[in-house]
Amino acid sequence: MVNIFVLEGYVILAIIVVSLAVKAFAFVNALIWPAEAYPAAGKLTKPAWLAILGLGLAAQLLLIGSSPLNPIHLIASIAAIVFLVDVRPAVADLTRR
């Protein structure tokens, strides 16, 4: 029989790993697009997004042992998701033309 606390630990570990992967992917993806495309798409500048995503990724790495429900983790995860869902498609659409 599986102990409920062991199962909880695995679920939390999976959430932390997925969250770290999303933040790392968002940061690396922000590096790829040209700086001119961000303001042209009506978004924050490239250095602003790199600062937001980089600080979120650094916070995730520094606070790796804390709860995924930590407000810092949640804010950084939301920022990465906003970048991937809103900014990335807008910038990609401009650079493909």
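Check the entry above for the structure.
The structure displayed is predicted, hence computed values, not measured ones.

Caption draft 1: Inspection of the layout of surface pockets at higher detail. In this model, the largest pocket occupies a volume close to 150 Å³. As for the largest pocket, its lining consists of 15 residues, of which Ile15, Val18, Ser19, Lys23 and Ser77 are closest to the centre. Among the elements of the structure, α1 (4-32) and α4 (71-96) are those that each provide at least two residues to the lining of the largest pocket. By residue number, the principal contributor to the lining of the largest pocket is α1, which donates six residues.

Caption draft 2: Molecular detail of the packing of α1 against helix α3 (residues 46-62). For the pair α1 and α3, interaxial distance at closest approach is 9 Å and the crossing angle is 155 degrees. In terms of orientation, α1 lies roughly antiparallel with respect to α3. Helix-helix and strand crossings are classified by hand; for α1 and α3 the assignment is left-handed. Residues Ile16, Ser19, Leu20, Lys23, Ala24, Ala26, Phe27, Ala30 and Leu31 of α1 lie in contact with α3, whose contacting residues are Lys46, Leu50, Leu53, Gly54, Gly56, Leu57, Gln60 and Leu61. Here the contact of α1 with α3 is composed, by residue class, of 11 nonpolar, four polar and two charged.

The rules behind the values
- Residues numbered from 1 in each chain as written.
- Predicted model: local features only at pLDDT ≥ 70, side-chain atom pairs only at ≥ 80, totals over all residues.
- Heavy atoms only, no water.
- 1 Å grid on protein atoms, 1.4 Å probe; cavity = no way out; pocket = protein on both sides within 12 Å on 5 of 7 lines; lining within 4 Å.
- Points joined across faces, edges and corners; volume = space filled by probe spheres on them.
- Helix = DSSP H or I, 4+ residues; strand = E, 2+ residues; numbered from the N terminus.
- Axes fitted to C-alpha atoms, helices over the stretch in contact; angles between N-to-C directions.
- Parallel < 35°, antiparallel > 145°, perpendicular 65-115°, else oblique.
- Left-handed = near helix turned anticlockwise from the far one by under 90°.
- Contact = heavy atoms within 4.5 Å.
- Nonpolar A, V, L, I, M, F, W, Y, C, P; charged D, E, K, R; others polar.

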